[in-house]
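Results of the structural survey
These are the residues of each chain, in order.
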Amino acid sequence: MNKLLLFCTCLVLVTSCSKEGKIRRKENKLIGAWEFEKVFYKRDRALFRDNITSDFANDVIEFYPDYTATYDDYSLRAVFDGAWNLIVDEDDAYDNSATDLEFFVDAVFFDFLNHEDFSVFGSIDKLNRNKLNLEGSDRFGKYTFKLRRL
């Protein structure tokens, strides 16, 4: 019995510290409904960023465990189905003493109204039980999304 308990403890420790364990924990934190709290956009070479939160007011993204998602656009009164994926970039330190993982969320939604798909892609700056901060960019500038869990 003691050997089984020791084996299970070691297995949990090895899994929780591994890259796969970190990815799984990050995915588990991401799953759920998120409402846009603040959204900023800064054009390239601009001095200040614009607060565009009103464009996303009351919009909700929900991530499901089966890697599907929905985007509830309050202003259009429409819900768009989609899929999401967590992308991991392993960034090695210059001295090879440690590795750091950078996480990106990639969600694609299918627009049945305009027949054009749209996506949310960004690096995860902060993710905990209640807050999700993403940074994304387009050809002209950079978005900062601050979401809160519902």
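Our subject is the structure listed above.
We now turn to the structure provided with this report.

Considerations on the overall build of the chain
For the chain, the count of helices and strands is 2 helices and 9 strands. N-terminal to C-terminal, the α/β element order of the chain is α-α-β-β-β-β-β-β-β-β-β. A total of 150 residues make up the chain; the buried ones form 33% of that total. Long-range contacts, defined as pairs at least 24 residues apart, comprise 44% of the intrachain contacts of the chain with a sequence gap of at least 6.

Description of the nonpolar core
In terms of nonpolar packing, the biggest core is built from 28 residues, with Leu-30, Phe-36, Phe-63, Phe-109, Ile-124, Leu-132 and Leu-134 touching the most fellow members. Excluding residues that lie within four positions of it along the chain, Leu-30 makes contacts with Phe-63, Trp-84, Leu-86, Val-105, Leu-127 and Leu-132.

Focus: a nonpolar patch on the surface
Residues Leu-76, Phe-112 and Leu-113 make up a contiguous nonpolar surface patch of about 290 Å² in total accessible area. Mapped onto the secondary structure, Leu-113 falls in the loop between strand 6 (99–109) and strand 7 (118–127).

Notes on the environment of Leu-134
When you line up the elements, Leu-134 lands in strand 8 (residues 131–137). In sequence terms Leu-134 and Val-120 are 14 residues apart; their C-alpha atoms lie 9.4 Å from each other. When sequence neighbours within four positions are dropped, the list of residues in contact with Leu-134 reads Val-105, Val-120, Gly-122, Ser-123, Ile-124, Tyr-143, Thr-144, Phe-145 and Leu-147.

A closer look at the packing of aromatic side chains
Counted under the stated rule, the structure contains 14 aromatic pairs. On the numbers, 4.9 Å between centres and 45 degrees between planes, the contact of Tyr-67 with Trp-84 is tilted. Taken together, the residues Tyr-67 in the loop between strand 3 (60–63) and strand 4 (68–73) and Trp-84 in strand 5 (residues 78–92) connect sequence positions 17 residues apart. A relative accessible area of 37% means that Tyr-67 is categorised as partly exposed. Judged by its relative accessible area of 4%, Trp-84 is buried. Plain terms: the ring middles of Phe-80 and Phe-118 are 5.3 Å apart, the flat faces sit at 90 degrees to each other, and that makes the pair edge-to-face. Of this pair, Phe-80 sits in strand 5 while Phe-118 sits in strand 7; the two residues are 38 residues apart in sequence, bridging distant segments of the chain. Members of the aromatic cluster, joined through ring pairs, are Phe-36, Tyr-41, Phe-56, Tyr-71, Phe-80, Phe-109, Phe-112, Phe-118, Tyr-143 and Phe-145.

Conventions used here
Residues numbered from 1 in each chain as written. Predicted model: local features only at pLDDT ≥ 70, side-chain atom pairs only at ≥ 80, totals over all residues. Heavy atoms only, no water. Helix = DSSP H or I, 4+ residues; strand = E, 2+ residues; numbered from the N terminus. Buried < 20%, exposed > 50% of the residue type's maximum accessible area, 1.4 Å probe, protein only. Contact = heavy atoms within 4.5 Å. Core = buried A, V, L, I, M, F, W, Y, C linked by side-chain atoms within 4.5 Å. Patch = residues over 30% accessible without salt bridge, like charges linked within 9 Å, V, L, I, M, F, W, Y side chains within 5 Å. Areas by Shrake-Rupley, 256 points an atom, 1.4 Å probe, with all protein chains shown as cover. Salt bridge = Lys/Arg side-chain N within 4 Å of Asp/Glu carboxyl O. Phe/Tyr/Trp six-rings, centres within 6.5 Å; stacked < 30°, edge-to-face > 60°.

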